[in-house]
Structures are given as C-alpha cells and as structure tokens.
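# Examining the three-dimensional arrangement
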Amino acid sequence: MGTQNAPLRLTDYRDLAAGHVTRPVWDFVDGGSGDERTLAANTAAYDHRRLRPRILTDVDKIDTRTALFGTPLATPIGLAPVAYHRLLHPEGEVATVRGAGAAAALTVVGIFASRTLEDIARAAGGPLWLQLYWLRRRAVLEQLIDRAEAAGYEAFVVTLDAKRIGQRLRDMRNGFTLPEGVAAVNVDPAVMAEAHQAHEADSAIAAHAETSFDRALTWDDLAWLRARTSKPILLKGVLTAEDARLAAEHGVDGIVVSNHGGRQLDNAVPTIDALEECVQAVAGTMPVLIDGGIRRGTDVFTALALGASAVLIGRPFLWGLAAGGAEGVTDVLRLATSELEHTMTLMGTPTLADIDRTAVRP
Ligand SMILES: Cc1cc2nc3c(=O)[nH]c(=O)nc-3n(C[C@H](O)[C@H](O)[C@H](O)COP(=O)(O)O)c2cc1C
Ligand SMILES: O=C(O)C(=O)c1ccccc1
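Now for a look at the structure at hand. (Residues numbered from 1 in each chain as written. Chains lettered and ligands numbered in written order. Predicted model: local features only at pLDDT ≥ 70, side-chain atom pairs only at ≥ 80, totals over all residues. Heavy atoms only, no water.)

## Let's talk about the packing of helix α1 (residues 10-18) against helix α14 (residues 315-347)
How we decide: To obtain an axis, a line is fitted to C-alpha atoms, over the contacting stretch when the element is a helix, and the angle between two such axes runs from 0 to 180 degrees between their N-to-C directions. Strands here mean DSSP runs of E at least two residues long; helices mean DSSP runs of H or I at least four residues long; both are numbered from the N terminus. Note that the term roughly parallel is reserved for angles under 35 degrees, roughly antiparallel for angles over 145, roughly perpendicular for angles of 65 to 115, and oblique for everything else. We call two residues in contact whenever any of their non-hydrogen atoms come within 4.5 Å of each other. Residues are grouped as follows: nonpolar covers Ala, Val, Leu, Ile, Met, Phe, Trp, Tyr, Cys and Pro; charged covers Asp, Glu, Lys and Arg; every other residue, Gly included, is treated as polar.
For the pair α1 and α14, interaxial distance at closest approach is 9 Å and the crossing angle is 170 degrees. On the basis of the axis angle, α1 is roughly antiparallel to α14. The residues of α14 that touch α1, namely those facing L10, T11, Y13, R14, L16 and A17, are P316, W319, G320, A322, A323, D331, V332, L335, A336 and E339. Considering only residue class, the contact of α1 with α14 consists of 11 nonpolar, two polar and three charged.

## Overview of helix α13 (residues 297-305)
Going by this rule: Throughout this description, buried means an accessible area under 20% of the type-specific maximum (1.4 Å probe, protein chains only), exposed means over 50%, and partly exposed covers the range between.
α13 sits mainly inside the fold: eight of its nine residues count as buried. For α13, the complete set of buried residues consists of G297, D299, V300, F301, T302, A303, L304 and A305. Turning to α13, the residues buried within the fold contact α3 (37-47), β3 (77-79), α12 (271-282), β9 (288-291), β10 (310-313) and α14. Within two residues after α13, G307 carries a phi angle of roughly 110 degrees, on the positive side.

## Quick word on the environment of R164
Definition in use: Whenever two N or O atoms come within 3.5 Å, that pair is a polar contact, provided that in protein one can donate a hydrogen and the other can accept it, and provided that, for residues adjacent in sequence, both atoms are side-chain atoms.
Mapped onto the elements, R164 comes out in the loop between β6 (156-159) and α7 (169-174). For R164, a relative accessible area of 49% gives the class partly exposed. Sequence spacing of R164 and D35 is 129 residues, and the spatial spacing of their C-alpha atoms is 17 Å. Apart from the residues lying within four places of it in its own chain, the contact partners of R164 are E210, R215 and Q264. At 3.4 Å, the side chain of R164 and the side chain of E210 are in polar contact.

## Remarks on the pattern of salt bridges
Note the following rule: Definition used for salt bridges: Asp or Glu carboxyl oxygen within 4 Å of a side-chain nitrogen of Lys or Arg.
Inspection of the entire model under this criterion finds 21 salt bridges. Between R9 and D12 there is a salt bridge whose closest N-O contact spans 3.2 Å. Given the relative accessible area of 39%, R9 is considered partly exposed. Between E91 and R98 there is a salt bridge whose closest N-O contact spans 3.2 Å. A relative accessible area of 30% places E91 in the partly exposed class. Taken together, the shared-partner salt bridges in this structure form one network comprising R14, R23, D27, D30, E36 and R170.

## With respect to the environment of V29
By the element assignment, V29 lies in helix α2 (residues 23-30). Spatially, the C-alpha atom of V29 lies 9.3 Å from that of L88, the residues being 59 residues apart in sequence. The residues touching V29, leaving out its near neighbours within four places in the chain, are L88, R263, R315 and L318.

## Some details on the site of ligand 1
This is how it is decided: For this description, a residue counts as near a given molecule or strand if any of its non-hydrogen atoms is within 4 Å of it. A 1.4 Å probe and the Shrake-Rupley method give the accessible areas. Residues count as covered only by the protein chains that appear here.
Residues in close proximity to ligand 1 total 22 residues, the closest being P81, T159, D291, G293 and R295. Note that an oxygen atom of ligand 1 is positioned 2.6 Å from one of the side-chain N or O atoms of T159. Here an oxygen atom of ligand 1 and a side-chain polar atom of S258 are 3.4 Å apart. Protein contact buries 98% of the 600 Å² of open area that ligand 1 shows by itself. Split by residue class, the shell around ligand 1 holds nine nonpolar, eight polar and five charged.

## Brief notes about the site of ligand 2
Taken together, F28, A83, Y84, F112, Y133, I165, R168, I205, H208, H260 and R263 make up all the residues around ligand 2. Between ligand 2 and Y133 there is a distance of 2.5 Å, counted from an oxygen atom to a side-chain nitrogen or oxygen. A distance of 2.7 Å separates an oxygen atom of ligand 2 from a polar side-chain atom of R168. Considered on its own, ligand 2 offers 300 Å² of accessible surface; in the complex 94% of this is hidden by protein. Looking at side-chain class alone, the shell around ligand 2 contains seven nonpolar, two polar and two charged residues.

## A look at the pairing of β6
As a reminder, the rule being used: A pair of strands is considered paired only if DSSP assigns at least 2 bridges between the two. If you view a crossover with the strands going away from you and the path from the first strand over the helix to the second runs clockwise, you call it right-handed.
Residues F156 and V158 point to one face of β6 and V157 and T159 to the other, with burial holding for every one of them. As defined by bridge partners, strand β5 (residues 128-133) adjoins β6 across four bridges and the pair is classed as parallel. When the bridges of β6 are listed, Q131 appears paired with V157. Traced from β5 through helix α6 (residues 138-151) to β6, the parallel crossover comes out right-handed.

On their own, these measurements won't tell you what the molecule is for.
Set out below in structure tokens:
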C-alpha cells in the first residue's frame with residue numbers, strides 16, 4: 001500500500017536516485033577509477049568485519065552525540081566534500097546543508113561547490129567546514145579562506161590525494177562535461193577558463209586538476225596554510241601511518257583517512273583497513289575521520305570502534321539529494337544514524353565513548 005518502495009537502507013536510495021539523473025551524471029557519481037577495484041573494496045572490506053556484542057549493559061537510552069574541535073554534533077556521521085551538488089538537484093549545496101542542518105550533522109563543503117559559500121552558509125543549520133584543493137594560484141586560495149571564515153566556516157580540509165584526477169573510464173567514455181548552469185562559482189573564473197583551454201579533450205573534471213592543482217606541493221608548504229588561518233586544518237587522503245605521523249608533526253589538527261571513494265588511485269587500500277595504523281600513528285593527539293564505502297550503521301560502528309572520531313558519507317547523501325532534495329539528505333542522515341543507534345543497542349554500548357577496539361574481532 002505505497003510503502004513497498006519506502007527506502008529501508010541507504011542503498012535503497014541508490015535505486016531511487018538512478019531515475020533522477022542523466023546517465024553521464026550517474027556515472028560521474030557512481031563510478032571510480034581504473035577497474036574500480038578500490039571502489040568495490042571499500043564496501044567489501046566492511047563485509048568481513050565481525051562484531052563482538054556484549055550483554056547485560058544498560059542500553060535503555062542510546063546517545064550518538066559527539067563533538068569535533070568543540071562543536072557539538074548530534075551524530076558522528078557527516079557529509080563528505082563533493083563537487084557540484086547542482087548536478088543532482090537544482091538547489092545544489094543549499095539543499096544539502098539545509099538537509100544536514102535538520103539532522104544537526106556536519107557538512108564539508110567542496111571548493112568546487114556550485115553555490116556560493118555565502119548562500120550555503122545562510123541556508124545551513126549545522127556546522128560547515130570547507131574543503132580545499134591546493135591551487136597553484138595561492139591568491140585564490142587565500143581569498144577563499146578569508147571568505148569562508150567571514151561566512152562562518154569552522155575548519156578547512158585539504159584534499160591531497162588528487163594530484164591528478166584518477167583515470168575514470170566512465171567519464172572518459174561519456175566525454176563528461178558540466179551541464180549548462182553548473183559551475184564552480186567560488187573559484188576565480190580565470191582558474192577555470194585556463195583549465196578549459198588547456199585540456200579541451202579531457203573530461204571537464206580532469207581538465208581542472210591538470211592545470212590548476214599544485215603538484216609540486218610538499219610537507220613544508222603546509223606552513224603557508226597554517227599562517228593563513230587559526231581554524232582547524234585537516235588533511236584528507238591519508239592512508240598510511242607514515243603520513244599520519246607527518247601530519248601530526250606538521251601542526252595540522254586532524255586527518256581524514258580516505259581514498260577519495262575509490263576515484264583516485266585504483267588498488268589503494270580500502271579505508272577501513274588503513275584506519276588502525278593511522279589512528280595508532282597519531283596516538284590520540286588529533287581526531288581521525290574516515291570515509292569510503294560506509295553504507296550501514298554497522299559500518300559506522302566498526303569505524304568508530306577502530307578509532308575514528310567521526311565518519312563522512314559521500315555517495316549515499318548524493319542519492320538522497322537527487323531523490324528528494326534537502327529532505328532526502330535529512331532522511332539519509334536520519335536513517336544512517338538510526339541504524340547506528342540500533343547497532344549500539346545490540347552491541348551493548350549506549351554512548352560513543354563506550355565503543356572501543358574490543359568490539360571488532362581482530
Ligand atoms: C561525485 C563525487 C564528487 C567528489 N568530489 C570531491 C571533491 O571535490 N573533493 C574531495 O575532497 N572529495 C571529493 N569526493 C570524494 C568524497 O569526499 C569522499 O571521499 C568519497 O565520496 C567517500 O566515499 P563514498 O562515496 O563511498 O562514501 C567526491 C566524491 C564523489 C562521489
Ligand atoms: O570528482 C571528484 O572526485 C573530485 O574530486 C573532483 C575534482 C576536481 C573537480 C571536480 C571534482
């Protein structure tokens with residue numbers, strides 16, 4: 001009676017979303033790089049993790065609240081930075097943050113957002129962070145940092161696993177280009193125009209990175225960013241203990257264990273398998289977030305048990321956005337959080353602080 005198609009799990013939103021976007025947009029969102037091995041491995045790596053539930057603990061009340069850098073969050077599940085939300089919904093990032101706000105969840109807005117940082121901030125009901133790619137034109141970065149701070153963005157996430165854009169065969173075959181009216185409106189148009197001229201033949205996405213990203217960047221350059229903001233800085237795309245340790249040594253405030261949702265280096269390690277060595281390397285000195293392949297409350301739980309402070313979801317919220325705009329995003333976040341609550345109840349861990357390494361079989 002009309003409820004047969006009601007989504008009961010995050011992946012049900014995938015089916016709903018498919019009918020709302022064109023084939024090239026679907027492929028851009030759904031696809032990964034190379035043979036999509038890491039894309040598949042991110043979710044598969046959760047399949048064989050086994051949980052160790054405890055009995056006779058008081059789970060009458062379940063509490064998923066947490067905080068990052070002093071900002072309270074209703075849920076440890078936030079939204080990963082994604083370019084061009086207007087590919088999925090006419091309101092784009094404005095709808096996304098309205099939806100996230102209704103769930104009091106964190107949104108990491110992408111540098112290639114398709115709405116202005118200020119419009120997004122006005123629509124937001126929850127905390128916002130801004131993701132940056134390290135553009136060769138540092139003046140553009142500087143301007144973005146100032147604008148973001150003025151608009152109330154609370155932290156910066158620098159994505160470092162995209163020195164070049166991964167070899168995304170689906171986009172190459174589709175000759176993927178941005179539809180009319182979808183653009184990276186926060187980045188100096190000159191940066192984008194340069195990219196366009198230089199690499200007309202590539203997918204529109206690969207073209208950006210080819211000319212505008214700074215591939216010569218090293219650890220020493222982080223001092224430049226550190227000097228430009230007193231807000232927390234997180235590095236996204238860390239997959240090894242070595243780099244987690246270097247991040248801690250270079251004065252950043254957090255890391256995001258990520259392989260870019262299997263869209264960059266194919267055969268990169270699944271993120272849940274990389275998490276523990278990164279957590280050990282920073283030894284409690286900073287929050288460690290993780291993204292990639294999280295599709296279930298049990299996946300969120302596993303990541304928290306292995307030491308993550310919070311998790312980010314990418315494609316699942318895009319499915320919600322495509323299928324139902326702001327409400328769809330809220331629904332996805334609520335469903336994921338209620339699955340986490342369900343897992344916490346059955347695991348015997350009433351608060352996030354009760355979840356530890358012993359909850360997952362080695
Ligand atoms: C369509 C799409 C666009 C993305 N754009 C960006 C981006 O601009 N910057 C970034 O740091 N990560 C980007 N990502 C990667 C996400 O931040 C995140 O790492 C990934 O989606 C997590 O995996 P999941 O989709 O399996 O949850 C993008 C991912 C997707 C699916
Ligand atoms: O598609 C992506 O994953 C991504 O990170 C990106 C990079 C450059 C421009 C647009 C998106």
